[in-house]
Amino acid sequence: MGQVVTREALAEAVAAARQAGRRVVLTNGVFDLLHVGHARLLAECRARGDLVVVGVNSDASVRALAKGPDRPLVPEADRAELVAALGAVDLVTIFGDVTAHDLVALVRPDVYVKGGDYRPDDAPDDDARPVLPEAPLVREFGGTVVLIPVASGRSTTALARKMAGGSG
């Protein structure tokens, strides 16, 4: 079982992992209502490295992301604890920015894994998905960016809508 840590403790753990020659993998997200897409993302992280670090968006950053007026559904401390309880995860930290730039700069991951709801930097401009803003920074530090396919029809937004009596 992983643990929720401060930024300072995270920096120390990452430094120790690097000194031991371990491969560091980072992902981040809201993780509001856990679903199979989250499980697949975290399993992919585990398969690609030795230390899996997850950044969980703070409540304020979720509101800034405009996920909806009632989001997040679950408070940040609970979301972080739930993610940390998953077997694929080693360390979780809460971050307060809309992007994970500062977290990427702190961790300097060997591999940065995100869902395919983002597009690669070199994707055609007619691709409606947003470009992953942290990708250039990951590469600047010598890391690799991996985008995994989204679980079709699975999203927290759709689950929340369905629970509210709308169509999912």
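Residues numbered from 1 in each chain as written. Predicted model: local features only at pLDDT ≥ 70, side-chain atom pairs only at ≥ 80, totals over all residues. Heavy atoms only, no water.

## Some thoughts on the overall build of the protein chain
Stage number 1. Tallying secondary structure elements over the protein chain gives 7 helices and 6 strands in all.
Stage number 2. Listing each helix as α and each strand as β along the protein chain from the N terminus yields β-α-β-α-β-α-α-β-α-β-α-β-α.
Stage number 3. Burial statistics for the protein chain: of 168 residues in total, 43% are counted as buried.
Stage number 4. Counting only carbon and sulfur atoms, one obtains 52% of the accessible surface of the protein chain, whose full area is about 8,500 Å². (Helix = DSSP H or I, 4+ residues; strand = E, 2+ residues; numbered from the N terminus. Buried < 20%, exposed > 50% of the residue type's maximum accessible area, 1.4 Å probe, protein only. Areas by Shrake-Rupley, 256 points an atom, 1.4 Å probe, with all protein chains shown as cover.)

## Focus on the sheet that holds strand β3 (residues 51-57)
Stage number 1. Pairing in this open sheet of 6 strands is parallel, and the strands run β1-β4-β3-β2-β5-β6 from one edge to the other. In this open sheet, the two edge strands, each paired with only one partner strand, are β1 (3-4) and β6 (144-148).
Stage number 2. With 2 bridges joining them, β1 and strand β4 (residues 91-95) adopt parallel strand pairing. Along β4, the bridge assignment pairs Q3 with L91.
Stage number 3. The strands that helix α1 (residues 7-19) touches are β2 (24-29), β3 and β4; relative to β4, the one it contacts most, it runs at about 140°. (Pairing = 2+ DSSP bridges. Contact = heavy atoms within 4.5 Å. Axes fitted to C-alpha atoms, helices over the stretch in contact; angles between N-to-C directions.)

## Let's talk about the nonpolar core
Stage number 1. Counting 20 residues, the largest nonpolar core has L10, V53 and V107 as the members making the most contacts within it.
Stage number 2. Taken together, the elements giving at least two residues each to this core come down to α1, β2, β3, β4, α5 (101-107) and α6 (135-140).
Stage number 3. When residues no more than four places from it in sequence are discounted, the contact partners of V53 are L10, V14, V24, V25, L26, T27, L91 and V107.
Stage number 4. By size, the runner-up hydrophobic cluster in this structure holds 18 residues, among which are F31, C45, V54 and V92. (Core = buried A, V, L, I, M, F, W, Y, C linked by side-chain atoms within 4.5 Å.)

## Notes on the environment of L65
Stage number 1. Tracing the sequence through the fold places L65 in the loop between α3 (59-64) and α4 (76-84).
Stage number 2. You can call L65 partly exposed: its relative accessible area is 32%.
Stage number 3. Each C-alpha atom of the pair L65 and T99 lies 9.3 Å from the other, and the pair is 34 residues apart in sequence.
Stage number 4. The residues contacting L65, other than those within four sequence positions of it, are V30, N57 and V98.

## Overview of unusual backbone geometry
Stage number 1. Cis geometry is found at the peptide bond from R71 to P72, where omega equals 0°.
Stage number 2. Within the fold, P72 resides in the loop between α3 and α4.
Stage number 3. Unlike most non-glycine residues, F31 shows phi in positive territory, near 55°.
Stage number 4. By secondary structure assignment, the location of F31 is in the loop between β2 and α2 (36-47).
Stage number 5. A relative accessible area of 4% means that F31 is categorised as buried.
Stage number 6. At R108, a residue that is not glycine, the phi angle is positive and equals roughly 50°.

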